[in-house]
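Chains, contacts and geometry: an overview
Residue strings, one per chain:
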Amino acid sequence: MRDATPQTVYLKDYTPPEYLIDSVELDFDLDAQHTQVNSRLTMRRNPESAAAGVSLVLTGEELELISIQLDGNPLTESDFTINLETMTIQQVPQQRAFVISIENRINPKANTALEGLYLSSSMLCTQCEAQGFRKITWFLDRPDVMTRFKTTLSADKTQYPVLLSNGNKIGHGDLANNRHWVSWEDPFAKPCYLFALVAGQLECVSDSFTTMSGREIALEIFVEQHNVDKCAHAMQSLKNAMRWDEDSYGLEYDLDLYMIVAVDHFNMGAMENKGLNVFNTKFVLARPDTATDSDYEHIEGVIGHEYFHNWSGNRVTCRDWFQLSLKEGFTVFRDQQFTGDRTSQAVKRIQDVNALRTRQFAEDASPLAHPIRPEAYIEINNFYTLTVYEKGAEVVRMLQTLLGAEGFRKGCDLYFQRHDGQAVTCEDFVNAMEAANGVELSQFRRWYSQAGTPVLTVSQHYDADAQQLHLTIQQSCPPTPHQPDKAPLHIPVKLGLLAADGSPATFVINGQQQTDITLNLTEAEQSFVFDELAEKPVLSLLRGFSAPVNLNMPRSLEELAFLFKHDSDTFNRWEAGQQLVVQVIFGLIEDLHNHLPLHLNALVVEAFHSLLNAEADDLSYQALLLTLPDESYLAGQMTVIDVDAIHHAREFVKTTLAHALEDDFNRVYLIHHRDESGKFDADAIGRRRLKNACLSYLSQLESSDSYTLILAQFEQAHNMTDQMAALSVIVNSQHPAKASCLDKFYQQWQQEALVIDKWFALQASSYMPNTFATVQALMQHPAFDMKTPNRVRALIGAFSQANPVHFHAKDGEGYRFLADQVLALNTLNPQIASRMVTSLAQWRRYDKGRQKLMKQQLQRIVMTEQLSKDVYEIASKSLA
Ligand code: B3K
Ligand code: ZN
């Protein structure tokens, strides 16, 4: 908990560690409530450190000291001091190596923050990133101190038959009193944030993988007994990821063993600990009847992500936590490429951009905006953000766009070759890209230090006489905290032109004939001329979303409808449909504000009509083309967010389309509806996505025919995708069978925690009138538990982040409710609490009445005594 003034840590204050730890031997005597840790640190002065002084400062929090020795001699009270976060040993040898031996005690069961060593159900596990190791024992808990670990675990044989840690198993044996021990050694030096241990009653699902150099790797997934039947997909995903990293980056796995453990209680998705990943069960377990198609895809993506960290994160790690995007942005980019290759690049790109624009752009426009390489933090856990991860991945993607696939790969090779075994910086990454390609990226580096989403303002003029298109692009970037003025960025802008018949138009630029091009935008304003255009072309700009920017470019609805039909760039084709609907919805919102009756522009109906009647080979892509922009995306485009008008206008569009195109939706639904299970090929997934998109429109009709269709799908479904799709439309309608379906679903799945999470989330995000009362009632449900992050996210998270209409209810009850939960979580689990506060950060974007109510709750939170650093930082920065 917070002392009076939480300290801010600055990037500019970085200094190399004064001491190094060459090796550590850790002995854990494990017990749920009294674990004893014995550690032997072999240390020496760091020759790179310029600091004077002979004392040694180790980090440690919430630890009970039993004894401490220096080179085998016990230290007395006068030799060291301990405070809340550190232990300072007055004097240690400067000219030679020395050994610090520490014995301390911890209580995993009392650790509800789920950081350090904690209890999840009946198993013990660890989470050390970013700074959890200091809750296990005193250490130099910083990523640039890399150490070889040898770990011995001893525990009761019945309660903890499986004892795991990083690296290779080097010994095991029995002890008195039904206890046993296992020793592990990790041959790779690593920072302590990659340390892990697991102990529990776990079943092992095993397989193997032969690497490109012919080494056989044992693959082991550990789960509780009742989950053994849900590991096959995770295992296959792991093998796919290992092969993909060899094929795409030439990177091979290094240890002989790769272990994954699934735990119920986890603050985030998963953790890349060396050789021993710990995963949230959500990203491991899947069976056709329990997991949706999206779950299947996310599991493969997250398994890939953690696996890819073995190189981008573990072999080459971060010098300090300000460099987090070095490993996270790069690894997200790698997992996006992987999923795209495994599924559909077109669909994956749209999903990623959609998430980026809806959520990261909102963060970048809020008081919490920060560059992908932040310059200051109070609590580093607050910086595992969409900006560091998703925008960080976009920055890596832009490097690839600028250097080309081959040049980018050369840069990656050089980066891994130069820095294997080191803790480095974002600068080192860009340096490698430059050196491998003989280019200069100094202006590009601003993407690392400048926050905010740039805006490109575009104007064009066609000169018929000269057969030229003149394009002018201005870039600007709104101010963000501590950055009032922004310098121009280096922005790659991909574009193409379309002829009047929809085919690609050929043009000449810089003396070269082409059909598409990547422009390098480097100035505040730049003009480009495209020659030899006999007719006025239609511009398809920012293809593939080649840079994370907002476009300000006036376009007619006709032009958007044209692009929606013809653009050969799959991203821009989808985008044209989105912008068409966005413009129409904003027109309707204006009509609502002016109390005018609503009419849907016939262009939209026509565009959807021809889409529903067109041939399609990628059905998942087709489903995306049919999906209306999210309410939160629409909110991001409004100066003063009006949640009710957005909802009303969007529902109006959806309902009008459903009525106008009922036959089309019905027909497409029936063509693709099958009652099947266990099929996860692109075709089967695409069929389900497309028909469920149709079902969602049909549900708007609230007719007895549609109700019958929906109920039949719910009752007959043999896969979770179809069951959930049906239940979701039922919950968001006045369907007479709503209560009984929800009840049936609960009865059917009460033993499957991950399915019950869906049940909570669905109800919490419903638009139906009595949702807030339902949420309050669900807080009292026997299956709700504040100590299980997945449950908290399913109920409180879904309500506050995925239910704009009810969370932002005018009376402020939603805000008060959220603040109550944040304060309750603050003492239990500060990381989860601070994630929940972020929904209030955007208070300035709402009307005066809501602003006041949101601000009041933020103030109430900030004024609370014993506030964790995590919550304090988010709440106080939101108010600033
Ligand atoms: N590196 C971890 C995230 C750790 C979060 C600590 N608060 C998972 C990942 O990004 O792969
Ligand atoms: Zn990661």
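Rules used in this analysis
- Residues numbered from 1 in each chain as written.
- Chains lettered and ligands numbered in written order.
- Predicted model: local features only at pLDDT ≥ 70, side-chain atom pairs only at ≥ 80, totals over all residues.
- Heavy atoms only, no water.
- Donors = N, O, S within 2.8 Å, 3.2 Å for Na, K, Ca; no water.
- Buried < 20%, exposed > 50% of the residue type's maximum accessible area, 1.4 Å probe, protein only.
- Pairing = 2+ DSSP bridges.
- Helix = DSSP H or I, 4+ residues; strand = E, 2+ residues; numbered from the N terminus.
- Axes fitted to C-alpha atoms, helices over the stretch in contact; angles between N-to-C directions.
- UniProt positions renumbered as here; feature names shortened; annotations may be inferred.
- Near = heavy atom within 4 Å.
- Polar contact = N/O pair within 3.5 Å; in protein donor to acceptor, adjacent residues only side chain to side chain.
- Nonpolar A, V, L, I, M, F, W, Y, C, P; charged D, E, K, R; others polar.
- 1 Å grid on protein atoms, 1.4 Å probe; cavity = no way out; pocket = protein on both sides within 12 Å on 5 of 7 lines; lining within 4 Å.
- Points joined across faces, edges and corners; volume = space filled by probe spheres on them.
- Phe/Tyr/Trp six-rings, centres within 6.5 Å; stacked < 30°, edge-to-face > 60°.
- Lys NZ or Arg CZ within 6 Å of the ring centre and 35° of its normal.
- Disulfide = S-S within 2.5 Å.

1. So, the coordination of the zinc ion (ligand 2)
Bound to the zinc ion (ligand 2) are the protein donor atoms His305 (NE2), His309 (NE2) and Glu328 (OE), situated 1.9 to 2.1 Å from the metal. Along the chain, the residues donating to the zinc ion (ligand 2) are arranged with the sequence spacing H-x3-H-x18-E. Judged by relative accessible area, His305 falls into the buried class, the value being 7%. Residue class for His309 comes out buried when judged on its relative accessible area of 0%.

2. Concerning the sheet that holds strand β33 (residues 550–552)
Read from one edge to the other, the open sheet built from 4 strands follows the order β31-β26-β25-β33, with strand pairing classed as mixed. Two strands in the sheet have a free side with no partner beyond their single neighbour: β31 (525–530) and β33. Direction aside, neighbouring strands of the sheet carry axes that sit 25° apart on average.

3. A word on the UniProt feature "domain: Peptidase M1 membrane alanine aminopeptidase" (unreviewed entry) in the protein
The positions UniProt marks with the feature "domain: Peptidase M1 membrane alanine aminopeptidase" (unreviewed entry) are residues 234–447. With 56% helix and 9% strand, residues 234–447 has end C-alpha atoms that lie 35 Å from one another.

4. Here we look at the site of ligand 1
In the region of ligand 1, 15 residues are neighbours, and Glu129, Glu272, Glu306, Asn381 and Tyr389 sit closest. Within the side chain of Glu306, an N or O atom sits 2.8 Å from an oxygen atom of ligand 1. Lys327 is positioned such that a nitrogen or oxygen atom in its side chain is 3.4 Å from a nitrogen atom of ligand 1. Looking at the shell around ligand 1, the elements with two or more residues in it are β20 (270–271), α2 (293–308) and α3 (324–342). Per-class residue counts for the shell around ligand 1 are 6 nonpolar, 4 polar and 5 charged.

5. Remarks on empty space enclosed by the protein
Applying the stated criterion across every chain yields a total of 3 cavities of 30 Å³ or more. Taken as a whole, the largest cavity holds about 60 Å³ of empty space. What lines the largest cavity is simply Ser325, Leu326, Phe330, Ile372, Gly392, Val396, Cys426, Phe429 and Tyr448. Counting residues per element, the ones that place at least two in the lining of the largest cavity are α3, α5 (386–419) and α6 (426–437). In terms of residue count, α3 provides more of the lining of the largest cavity than any other element does, 3 residues in total. Class assignment for the residues of the lining of the largest cavity results in 7 nonpolar, 2 polar and no charged.

6. Concerning the UniProt feature "domain: Peptidase M1 alanyl aminopeptidase Ig-like fold" (unreviewed entry) in the protein
In the numbering adopted here, UniProt assigns the feature "domain: Peptidase M1 alanyl aminopeptidase Ig-like fold" (unreviewed entry) to residues 452–553. The distance separating the terminal C-alpha atoms of residues 452–553 is 19 Å; by composition the span is 0% helix and 50% strand.

7. Topic: the side chain of Asn227
Assignment of secondary structure puts Asn227 in the loop between β18 (216–223) and α1 (232–249). For Asn227, a relative accessible area of 5% puts it in the buried group. A distance of 3.5 Å separates the side chain of Asn227 from the side chain of His226, its partner in a polar contact. Within the structure, the side chain of Asn227 is placed 2.8 Å from the side chain of Lys230, a separation counted as a polar contact.

8. Focus: the packing of aromatic side chains
Between two aromatic rings, the relevant description is the distance of the centres plus the angle of the planes. A full pass over the atoms with the stated rule returns 43 aromatic pairs. Measuring from ring centre to ring centre gives 5.3 Å for Phe308 and Phe338, while their planes differ by 90°; the resulting arrangement is edge-to-face. Of this pair, Phe308 sits in helix α2 while Phe338 is found in helix α3, placing the two residues 30 residues apart along the sequence. Both residues of the pair, Phe308 and Phe338, belong to the buried class. On the numbers, 5.6 Å between centres and 55° between planes, the contact of Phe571 with Trp574 is tilted. Residue Phe571 and its partner Trp574 are located together in helix α9 (residues 570–593), separated by 3 residues, close to a single helical turn. Across from the ring centre of Tyr19, 5.0 Å away, lies the NZ or CZ of Arg45, which sits over that ring. When the ring centre of Tyr14 is taken as origin, the NZ or CZ atom of Arg319, which lies over that ring, is 3.7 Å away.

9. Re the state of the cysteines
Scanning the entire structure with this criterion turns up 0 disulfides. Cys426 takes part in no disulfide bond, and the closest cysteine sulfur, belonging to Cys318, lies 7.3 Å away. Accessibility expressed as a relative area gives 1% for Cys426, which makes it buried.

10. Some points on the environment of Glu873
Counting through the fold element by element, Glu873 comes out in helix α26 (residues 869–879). Since its relative accessible area comes to 1%, Glu873 is described here as buried. Along the chain, Glu873 and Met863 lie 10 residues apart, while their C-alpha atoms are 12 Å from each other.

11. Notes on the sheet that holds strand β8 (residues 86–89)
Taken together, 3 strands build an open sheet; the order of strands is β4-β8-β7 and the sheet is antiparallel. Either end of the sheet is taken by a strand with one partner, and the two such strands are β4 (56–59) and β7 (80–82). Between one strand axis and the next, the sheet turns through 15° on average, direction left out of account. As paired elements, β7 and β8 share 3 bridges and run antiparallel to each other. Bridge pairing links Thr81 to Thr88 in β8.

12. What about the pairing of strand β11 (residues 123–127)?
The element β11 is extensively covered by neighbouring structure, given that 5 of its 5 residues are classed as buried. Residues Met123, Cys125 and Gln127 point to one face of β11 and Leu124 and Thr126 to the other, with burial holding for every one of them. As paired strands, strand β10 (residues 116–120) and β11 are joined by 5 bridges and run antiparallel to one another. Across the sheet, Ser120 pairs through a bridge with Met123, a residue of β11. Summarising the sheet, β11 and strand β16 (residues 197–200) pair through 2 bridges and their orientation is antiparallel. If you follow Cys125 over to β16, its bridge partner there is Val198.

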